[in-house]
Amino acid sequence: MEATHPIEQQPWRRRVVVTGIGLVCGVGKTAPEVWQGLLAGRSGMAEIKAFDLTGHPVRIAAEVKDFDPLLFIEKKEARKMGRFIHFAIAAAQEAMDQSGLKIDESNRDLVGVHIGSGIGGFDVIEREHTNMLAGGPRKISPFFIPGSIVNLAAGHVSIRFGARGPNEATATACASSAHSIGDAFRIIERGDADAMIAGGTEAAITPLSVGGFAAMKALSTRNDDPTHACRPWDKDRDGFVCGEGAGILILEELEMARARGAHILAEIIGYGMSADAYHMTGMAPEGEGCRRAMNAALKVAGISPDKIDYVNAHATGTPVGDSLESKAIENVFGERALNHTLLVSSTKSMTGHLLGGAGGLEAGITIMAMLNQIAPPTMNLDQVDPVCRLNYVPNKPQPARIDYALSNSFGFGGTNGSLVFRRWIE
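Residues numbered from 1 in each chain as written. Predicted model: local features only at pLDDT ≥ 70, side-chain atom pairs only at ≥ 80, totals over all residues. Heavy atoms only, no water.

Draft legend 1. Examining the overall build of the protein chain more closely. Assigned secondary structure in the protein chain consists of 15 helices and 14 strands. Over its C-alpha trace the protein chain gives a radius of gyration of 20 Å, about what one expects of a compact globule, namely 22 Å for 426 residues. For the C-alpha atoms alone, the extent of the protein chain along its principal axes is close to 70 × 55 × 40 Å. By residue count, 61% of the 426 residues in the protein chain fall in the buried class. (Helix = DSSP H or I, 4+ residues; strand = E, 2+ residues; numbered from the N terminus. Rg over C-alpha atoms; globule rule 2.2 N^0.38 Å. Buried < 20%, exposed > 50% of the residue type's maximum accessible area, 1.4 Å probe, protein only.)

Draft legend 2. Molecular detail of the pattern of salt bridges. As enumerated under the stated definition, the model contains 27 salt bridges in all. Here glutamate 189 makes a salt bridge to arginine 13, at a shortest N to O gap of 2.4 Å. With a gap of 176 residues between them, glutamate 189 in helix 8 (residues 176-189) and arginine 13 in the loop between helix 1 (6-9) and strand 1 (16-24) connect regions that are remote in the sequence. With a closest N to O distance of 2.7 Å, aspartate 382 and arginine 231 form a salt bridge. With aspartate 382 in the loop between strand 11 (374-375) and strand 12 (398-399) and arginine 231 in the loop between helix 9 (207-215) and strand 7 (245-253), this residue pair connects regions lying 151 residues apart in the sequence. Accessibility expressed as a relative area gives 54% for aspartate 382, which makes it exposed. (Salt bridge = Lys/Arg side-chain N within 4 Å of Asp/Glu carboxyl O.)

Draft legend 3. A look at the nonpolar core. Grouped together as the largest cluster of nonpolar side chains are 46 residues, with contacts concentrated most on Ile21, Leu249, Leu251 and Phe421. Excluding anything up to four places from it in sequence, leucine 251 contacts Val16, Val17, Val18, Ile181, Ala184, Phe185, Ile188, Asp194, Ala195, Met196 and Ala198. Counting residues in hydrophobic clusters, the runner-up holds 34 residues, among them Ala91, Ala92, Ala95 and Met256. (Core = buried A, V, L, I, M, F, W, Y, C linked by side-chain atoms within 4.5 Å. Contact = heavy atoms within 4.5 Å.)

Draft legend 4. Representation of the sheet that holds strand 9 (residues 310-312). In spatial order, the strands read 5-4-6-7-1-8-14-13-9-10; together these 10 strands make up an open sheet with mixed pairing. The open sheet has two free edges, formed respectively by strand 5 (167-168) and strand 10 (343-345), since each of these has just one partner strand. The strands touched by helix 8 are strand 1, strand 4 (111-116), strand 5, strand 6 (195-202), strand 7, strand 8 (266-275), strand 13 (404-411) and strand 14 (415-423); relative to strand 8, the strand with the most contacts, the crossing angle is about 120°. Of the strands in this sheet, strand 9, strand 10 and strand 13 touch helix 12 (residues 319-333), which is tilted by about 140° from strand 13. (Pairing = 2+ DSSP bridges. Axes fitted to C-alpha atoms, helices over the stretch in contact; angles between N-to-C directions.)

Draft legend 5. Representation of the side chain of arginine 237 in the model. For arginine 237, the location among the structural elements is in the loop between helix 9 and strand 7. Polar contacts involving the side chain of arginine 237 include one to the main-chain carbonyl oxygen of threonine 318, which spans 3.0 Å. Within polar-contact distance, the side chain of arginine 237 engages the backbone oxygen of proline 319 at 2.5 Å. Once you skip the residues sitting within four places of it in the chain, arginine 237 turns out to touch Arg222, Arg231, Gly317, Thr318, Pro319, Asp322, Ser323, Asp385 and Cys388. (Polar contact = N/O pair within 3.5 Å; in protein donor to acceptor, adjacent residues only side chain to side chain.)

Draft legend 6. Summary view of the packing of aromatic side chains. Within this structure, the stated rule accounts for five aromatic pairs. Residues phenylalanine 213 and phenylalanine 412 carry aromatic rings whose centres are separated by 6.5 Å and whose planes lie at 50° to one another, so their mutual orientation is tilted. Residue phenylalanine 213 is located in helix 9, and its partner phenylalanine 412 is located in the loop between strand 13 and strand 14; the two are separated by 199 residues in the primary sequence. Summarising the aromatic geometry, the rings of tryptophan 233 and tyrosine 392 are spaced 4.2 Å apart at their centres and angled 20° between planes, so their arrangement reads as stacked. Residue tryptophan 233 is found in the loop between helix 9 and strand 7, and its partner tyrosine 392 is found in the loop between strand 11 and strand 12; the two are separated by 159 residues along the sequence. By the burial criterion, tryptophan 233 is buried, and tyrosine 392 matches it. (Phe/Tyr/Trp six-rings, centres within 6.5 Å; stacked < 30°, edge-to-face > 60°.)

Draft legend 7. Here's a closer look at the environment of glycine 282. With respect to the helices and strands, the residue glycine 282 is situated in the loop between strand 8 and helix 11 (288-301). Considering only alpha carbons, one finds glycine 282 and glycine 411, 129 residues apart in sequence, at a separation of 9.4 Å.

Draft legend 8. Region of the structure containing unusual backbone geometry. Positive phi outside glycine occurs at histidine 340, with the angle close to 70°. Position of histidine 340 among the secondary structure elements: in the loop between helix 13 (335-338) and strand 10. Despite not being glycine, glutamine 373 shows a phi value in the positive range, around 55°. Relative accessible area serves as the criterion here: at 17%, glutamine 373 is assigned to the buried category.

Here it is, written out as structure tokens:
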């Protein structure tokens, strides 16, 4: 028997729906473009153009190509912002346009913003440090700090739309935007806001960032074959590929959305968190922390594991991380996972890993999978690692009935987040 929905158990909990999606990444600069690119198996990965690659052992990334912030932001203002803020504003604008949500004096105090980032303005930090070394402290821009600190993506989005409700930013490494969406869900659920602009953004394809991840041996070194470099669950996987971009959702309280005639895309029904308490970068044995995050999300959703039809996995293409997440999914979903009824895929095989922006991007993709009833593929999965035993939707999309879906995001420090979405049928 299906578990009772928590809203029925706890009448104070308000239901939360998604009415807008905005996406920017190496595969595309709008949500429809990203979705069509994923279905086509289009990779966003190529040789890095953002900086001089001399001496760098890793030369590939999934950059956002031909992105023009001046389509969204006045030139004078854009100069004051890091690239991660540009991405957040672009994605937020798309999401707001789709939602049709109007913010005015009647509701602005109950519309908030929650946008996470793992690193923030890494590009600004590096640039201003170089300026200081070359010319001393007087060469530091007065916009250095507001252009780089993590919460300024949320701050600028709040200013842009006049949203005067809760304004927050989460920095939990690669779980940042999943936590931001989950926390925004809870803010609405308990009545502290009626709507939230929520998600994440990242722009960390810089010399120091790429060099740092390379020094950790975390990145793929397939410099001569970038489109096939990210290989989640493949036996020849050798690390992740850095990506950049943003994913923003518009979350609203259900009755508010209905009252204004909004087109509802999905309902968010579950959010779970956990800590590995194990290692600064490595996952706990058997993916135990991941398992607890997924179980917590299912408990909040009030559904049994056999209701989930699709999992958008965190899987980045690292040898250890992919296998441990796969094991955690096995442990949560049991026979449905092992008999390949449950569909699991990693769209990072095309988008690269957006770090703190990954959860927002992948939450949007997960909702689009439900809307279109298609599981996007895991590309470059030619020979599945024998220890990975699930249906990873290899190399081509798979049409399927997807009524409930789960999105995973896990970060350094052992911080984990899982989100559960339900297909919206009025």
